[in-house]
2 protein chains.
Amino acid sequence: MIGTQSIRFLHPPYLISGSSIVGDKEGDGPLGEYFDVVEQDPMCGASTWEEAESKFQQRAAELAIEKAGLKNQDIRYIVAGDLLGQMIATSFGISSLQIPLFGVYGACSTMGESMAIAAMLVEGGYAKHVLALTSSHFASAERQFRFPSSYGNQRPFASTWTVTGSGAVVLAAEDALSEESKKNGIRVREITTGKITDYGIKDSMNMGACMAPGACDVIYSHLKDNEREPSYYDRIVTGDLGVIGKKILIEMLQAKGYDISKNHMDCGMAIYASDEQKTQAGGSGCGCAAVTLTAYIVKKLQSGEWSRVLFVPTGALLSQISFNEGNTVPGIAHGVVLERDADTQNGGDRA
Amino acid sequence: MIGTQSIRFLHPPYLISGSSIVGDKEGDGPLGEYFDVVEQDPMCGASTWEEAESKFQQRAAELAIEKAGLKNQDIRYIVAGDLLGQMIATSFGISSLQIPLFGVYGACSTMGESMAIAAMLVEGGYAKHVLALTSSHFASAERQFRFPSSYGNQRPFASTWTVTGSGAVVLAAEDALSEESKKNGIRVREITTGKITDYGIKDSMNMGACMAPGACDVIYSHLKDNEREPSYYDRIVTGDLGVIGKKILIEMLQAKGYDISKNHMDCGMAIYASDEQKTQAGGSGCGCAAVTLTAYIVKKLQSGEWSRVLFVPTGALLSQISFNEGNTVPGIAHGVVLERDADTQNGGDRA
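My aim in this report is to walk through the structure given alongside it, one point at a time. Please read these numbers as outputs of a predicted model, since none were measured by experiment.

## Remarks on unusual backbone geometry
All names here are of chain B.
Now for step 1: Of note in this structure, Ala 107 is not a glycine but carries a positive phi near 50 degrees.
Now for step 2: Note on Ala 107: relative accessible area 1%, which makes it buried.
Now for step 3: Positioned with a positive phi, Glu 227 is a non-glycine residue whose angle comes to about 50 degrees.
Now for step 4: Looking at where Glu 227 falls in the secondary structure, it is placed in the loop between helix H7 (207–226) and strand E10 (235–238).
Now for step 5: In this structure Glu 227 comes out as exposed when scored by relative accessible area, which is 74%.

As structure tokens, this is what we get:
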């Protein structure tokens, strides 16, 4: 335990595989060439949008397990969630795998939350392999949170476009791997767990502004807890703040004495060419951070171009009901430090 | 790790406090005298049902922390969830505590899931104290899953009545306690994590039947993994199967060679006097198992009347959308073994 919100692992788990499956719009975007699968059928062969999202999730899970060279029964737990009410994309997505499940919900921060829990279950000695997984789908999210797509509503500039896609990673225990396979491995070195942060913002069409304070809290706590400067990281990566949220985050951290403007990256701004693709402030959804991690960030770490990343998926806590009842939109974020060839010589600190 | 789904803790965490706050209907039921607080105002002073549920949750959390003799900042993590879409009861219930949060969703099995994760975080060395928490509210659940209460719909016999209430427990690490305070302590000795179990049942008004296969899977795996007979436990406690689900569960386990008929208890059947209170098959909701645990089961263990309980909250995985799209209602359950004066002499088995 480090400081008030962070954990540094003594035996950091390895991220041994990642998978990404996205829709055609994501495939047409700047990261198109990086994804494992670009599915041209947004229904993924299903008869409803929700079932389609489930299929994306199932295929991401199966692919990550296959790429890790494992079978379903080698995975002790799945830690997974999605954006839909009562997490139905997950309930119907992965039941066929028949793996014990911890369902988690952190809105669009879910990939950070699921990886943080998965890392503790692996390092704590409770599992050799855990799958962390999340998904989102443009059409199921529109139905859940906004207007029927067929209304053709105008989208305000601050709004974001929910990513259709699912990303999964397999985390493995140190002692489950051969020395050879650990070489140049990517490890989950630390985590910093978020608190609910509510600045009283009520505009659900400006989720970047709602989530920026949550991201600020986690990044600030992480740097403080670990006594680090932002430059320690090749990238500090937020989930889906978009252009407006990014600006707010950078200003908030500047006011607290940290300048992340030089190495900040937002998955929501990376995944679409917003002007041409008309995605307004950027991409969003659980799937946004998940597929940008597995398709792009992990490859940058594997190639050695980057050696350390602070990955901070960001979530906006709202529902149709909370919005209609006039509530605010609080935010939460979860930080995960990924390192190549993690230097564990300086020891860990648990309990 | 034991078998395919169970963990036996080497240093079982202590359950050092529990809290229960319920509505008046629960206060009028057979367990009325056991609850910490019976709130006569179903709105709990709030202006919406959802906000009322948040208030129940906040009060349960604060009471559990107070009863443990701790302050908010002593709690390293909250692991919490509820039944509402995007878990808004939790998002708005506990934000004022400013404690790092892992949001979890397992429908009505959530108390089992949150305690299982909390126990691993404590025993893994990642926290001295973790709060596990969940809630449900009759009126917010009716709005979410059924009909507006004011319609006055007839309720089929197989339907259940969602418990208004919230229960919270604080789990503590062995080394966070004095020898004195460990005496006669209650410990989380083992967990068994559930898989999604789908028998193709589509009747959301018969959730007992939907959840019984999930409960059966966890209880069977638990007994198999640990090579035990049901008689090892003073009680095997399910969350909210109700009269129909209970009958199915007992028959399913009998067919697999286990007879739990003598020591099975269902929280949904214990919390209401169904005939007089017109709750049909029994109580349900995340809060049902949570408050029955904290108010009743924990006291039976504390008094020494019982020494071992297998606590198995049971969840039905559905949403308005999945139901309206004609989907099945899969089930999931999470098992937690609570022991008084836990005999840890026979060792644990991690990894």
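## Regarding the environment of Arg235(B)
All names here are of chain B.
Now for step 1: By the secondary structure assignment, Arg 235 is in strand E10.
Now for step 2: For the pair formed by Arg 235 and Ala 116, sequence separation is 119 residues and the distance between their alpha carbons is 19 Å.
Now for step 3: When neighbours within four sequence positions are excluded, Arg 235 is seen to be in contact with Asn 263, Met 265, Trp 306, Arg 308, Val 309 and Leu 310.

## Observations regarding the packing of helix H7 (residues 207–225) of chain A against helix H8 (residues 242–255) of chain A
Residue and element names in this part refer to chain A.
Now for step 1: Put simply, H7 and H8 touch, their axes get as near as 8 Å, and they point 35 degrees apart. Read as a crossing pair, H7 and H8 show a hand that is right-handed. Contacts between H7 and H8 involve Gly 208, Ala 209, Ala 212, Pro 213, Ala 215, Cys 216, Ile 219 and Tyr 220 from the first element and Gly 245, Ile 248, Leu 249, Met 252 and Leu 253 from the second.
Now for step 2: Along the lines of polarity and charge, the residues of the contact of H7 with H8 split into 11 nonpolar, 2 polar and no charged.

## Brief notes about the packing of aromatic side chains
Each aromatic ring pair is summarised here by two numbers: the centre-to-centre distance and the angle between the ring planes.
Now for step 1: Applying the stated rule across the entire model yields 14 aromatic pairs over all chains.
Now for step 2: Here the aromatic rings of Phe9(A) and Tyr126(B) are separated by 5.9 Å at their centres, their planes lie at 80 degrees, and the arrangement is edge-to-face. A residue pair is termed interchain when its members come from two chains, as with Phe9(A) in the loop between strand E1 (6–8) and strand E2 (14–22) and Tyr126(B) in the loop between helix H4 (110–123) and strand E6 (129–136).
Now for step 3: Considering the side-chain rings of Tyr220(A) and Tyr258(A), the 5.8 Å spacing of their centres and the 65 degrees angle between planes classify their relative orientation as edge-to-face. A residue pair is termed long-range when its members are at least 10 positions apart, and Tyr220(A) in helix H7 and Tyr258(A) in the loop between H8 and strand E11 (264–266) qualify at 38 residues.
Now for step 4: The exposure class assigned to Tyr258(A) is buried, which follows from its relative accessible area of 9%.
Now for step 5: An aromatic cluster of three or more residues is present, and its members are Tyr34(A), Tyr296(A) and Trp306(A).

## Focus: the relation of the copies chain A and chain B
Now for step 1: Take chain A, turn it by 180 degrees, move it 0.0 Å along the axis, and it overlays chain B with an RMSD of 0.0 Å. Such a turn and shift between the copies fits a two-fold axis.
Now for step 2: A high fraction, 100%, of the interface residues of chain A reappear at the interface in chain B, so the copies pair face to face through one surface.

## A short note on the side chain of Thr328(A)
Now for step 1: Along the chain, Thr328(A) falls in the loop between helix H12 (320–324) and strand E15 (331–333).
Now for step 2: Overall, the relative accessible area of 14% leaves Thr328(A) in the buried class.
Now for step 3: At 2.8 Å, the side chain of Thr328(A) and the side chain of Asp198(A) are in polar contact.
Now for step 4: Apart from the residues lying within four places of it in its own chain, the contact partners of Thr328(A) are Asp198(A), Gly200(A), Ile201(A), Lys202(A), Leu317(A) and Phe92(B).

## As for the environment of Ser303(B)
Now for step 1: Its place among the elements puts Ser303(B) in the loop between helix H11 (286–302) and strand E13 (308–312).
Now for step 2: Considering only alpha carbons, one finds Ser303(B) and Arg340(B), 37 residues apart in sequence, at a separation of 9.3 Å.

Calculation rules
Residues numbered from 1 in each chain as written. Chains lettered and ligands numbered in written order. Predicted model: local features only at pLDDT ≥ 70, side-chain atom pairs only at ≥ 80, totals over all residues. Heavy atoms only, no water. Buried < 20%, exposed > 50% of the residue type's maximum accessible area, 1.4 Å probe, protein only. Helix = DSSP H or I, 4+ residues; strand = E, 2+ residues; numbered from the N terminus. Contact = heavy atoms within 4.5 Å. Axes fitted to C-alpha atoms, helices over the stretch in contact; angles between N-to-C directions. Left-handed = near helix turned anticlockwise from the far one by under 90°. Nonpolar A, V, L, I, M, F, W, Y, C, P; charged D, E, K, R; others polar. Phe/Tyr/Trp six-rings, centres within 6.5 Å; stacked < 30°, edge-to-face > 60°. Least-squares fit on C-alpha atoms with pLDDT ≥ 70 in both. Polar contact = N/O pair within 3.5 Å; in protein donor to acceptor, adjacent residues only side chain to side chain.

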